[in-house]
Amino acid sequence: LLKPGKLSGKGATVYETVTINTHGFRGPEIRREKRPGVQRIVAIGGSSTFGALNSDRTTYPALLQASLDTAAPGRFEVINGGIPGLAPAHLVHLVRGEIPLLQPDIVVIMSMFNHYFVTTEEGWRRPLIQLRTELERRSVLFLTLSEKFTYFTGGDSLLGKLFVLFADYRAYLDEMIEAARRGGAKVILVKQPILMRGARGKNLIPGSTASEQGWEPRFYRKVVQVVDELARTKDAKVVDASTLTGGFSQDLFFDAVHLTPEGNRELVGRILEAMKESGMISGFSGRFHPFGVPSPAR
């Protein structure tokens, strides 16, 4: 498959190759059964995990595979389970059904942004979500009120149905963690790097900072809080790549949510460090380097 890449300076479109295997995941062919002695890592999420604006070699799962291969050839297999557009409401079905069949040892979950747009399995709420989106685009008053009050609703009021319910997000993420752990996998939760509305960066594609493509800071903080709370109660490891708390640079983005290759390398470096700190990978000296080459031991 071919996808349009970032526009060049002359206005020509650059194309990248996107490889989809017979399991429907991005990347080379995989066997459902693990090879003996191999630790399998499955990364799940939306288009940021899939690598919607990246080549096959520069998605974060591919860079994670390259780094592990350099440090420990043949000991790890990374599967890119990202599917563009999927929110936690959809991913929970993937983790219930397909992912356990792959027998992962580690599941990396990075799914925050899409919950903002698709919040529930209940189709009757979708028109209300669309109404909310239109009001956000057209009403400064609505944005102000929603940021200060209604994004924090957990109730079932009519007004509340216009907004993302954090209870939905918590419940879906909780179930994904439990499903992974029932299969014997350890879980890593990534605080997804997302730009705020109106942010600017040197790599951003023109037009990518429109108001509807970023997040309100108060909403982002609340979702990050949910991730932290669940990690504590479920004994999951957290990787902080948040632009609010993790210091993730806005120059590592192509748009509000999709990382450049350099951004994915930064993300991989943080995931590897978290895996080492938690004992998920062991027996290696020094730091893993996210460019596929381990840096010297310190």
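Computed from a prediction, not measured in an experiment: that's the story for all the values here.

### Here's the deal with the overall build of the protein chain
When you go through the protein chain residue by residue, the secondary structure sums to 9 helices and 7 strands. Sorting the 298 residues of the protein chain into buried and exposed places 52% on the buried side. Contacts in the protein chain between residues at least 24 apart in sequence constitute 70% of all its contacts with a sequence separation of at least 6. For the protein chain, the exposed area adds up to about 13,500 Å²; of that, 55% sits on carbon and sulfur atoms.

### What to know about unusual backbone geometry
Positive phi, normally seen in glycine, also occurs at Gln-103, with a value near 55°. If you trace the backbone, Gln-103 turns up in the loop between helix 4 (98–101) and strand 5 (106–110). Owing to a relative accessible area of 42%, Gln-103 belongs among the partly exposed residues under this scheme. You will see that Asp-235, though not glycine, has its phi angle at about 55°, which is positive. The residue Asp-235 is located in the loop between helix 8 (217–234) and strand 7 (237–240) in this model. With a relative accessible area of 67%, Asp-235 lands in the exposed category.

### A few points about helix 9 (residues 261–277)
A rise of 1.5 Å per residue sets the reference length of helix 9, with its 17 residues, at 24 Å; its end C-alpha atoms lie 24 Å apart and thus fit the reference within 8%. Burial analysis of helix 9 places 12 of its 17 residues in the buried class, which makes it a mostly covered element. Pro-261, Gly-263, Asn-264, Arg-265, Leu-267, Val-268, Gly-269, Ile-271, Leu-272, Glu-273, Ala-274 and Met-275 are the residues of helix 9 that are buried. At its buried positions, helix 9 is contacted by strand 3 (39–45), helix 2 (60–71), strand 5, strand 6 (186–191) and strand 7. Directly beyond the C-terminal end of helix 9, a positive phi value near 80° is found at Gly-279.

### Overview of the pairing of strand 6
Regular strands place side chains that alternate from one sheet face to the opposite one. In terms of burial, strand 6 is a largely internal element, 5 of the 6 residues being buried. Alignment of strand 5 against strand 6, held across 4 bridges, turns out to be parallel. By the bridge assignment for strand 6, Val-108 is matched with Ile-188. Across 4 bridges, the pairing between strand 6 and strand 7 is parallel. Bridged to Ile-188 within strand 7 is Lys-237.

### Re helix 8
For helix 8, spanning 18 residues, the distance from its first C-alpha to its last is 26 Å, which sits close to the expected 26 Å at 1.5 Å a residue. What helix 8 keeps buried is the set Phe-219, Tyr-220, Lys-222, Val-223, Val-224, Val-226, Val-227, Leu-230, Ala-231 and Lys-234.

### A closer look at the pattern of salt bridges
The final tally for this structure, using the stated rule, is 13 salt bridges. Here Glu-277 ties to Lys-237 by a salt bridge, and the two come within 3.4 Å at their closest N and O atoms. Residue Glu-277 is located in helix 9, and its partner Lys-237 is located in strand 7; the two are separated by 40 residues in the primary sequence. Look at Lys-237 and you get partly exposed, because its relative accessible area is 23%.

Definitions and limits used
- Residues numbered from 1 in each chain as written.
- Predicted model: local features only at pLDDT ≥ 70, side-chain atom pairs only at ≥ 80, totals over all residues.
- Heavy atoms only, no water.
- Helix = DSSP H or I, 4+ residues; strand = E, 2+ residues; numbered from the N terminus.
- Buried < 20%, exposed > 50% of the residue type's maximum accessible area, 1.4 Å probe, protein only.
- Contact = heavy atoms within 4.5 Å.
- Areas by Shrake-Rupley, 256 points an atom, 1.4 Å probe, with all protein chains shown as cover.
- Expected span 1.5 Å × (residues − 1).
- Pairing = 2+ DSSP bridges.
- Salt bridge = Lys/Arg side-chain N within 4 Å of Asp/Glu carboxyl O.

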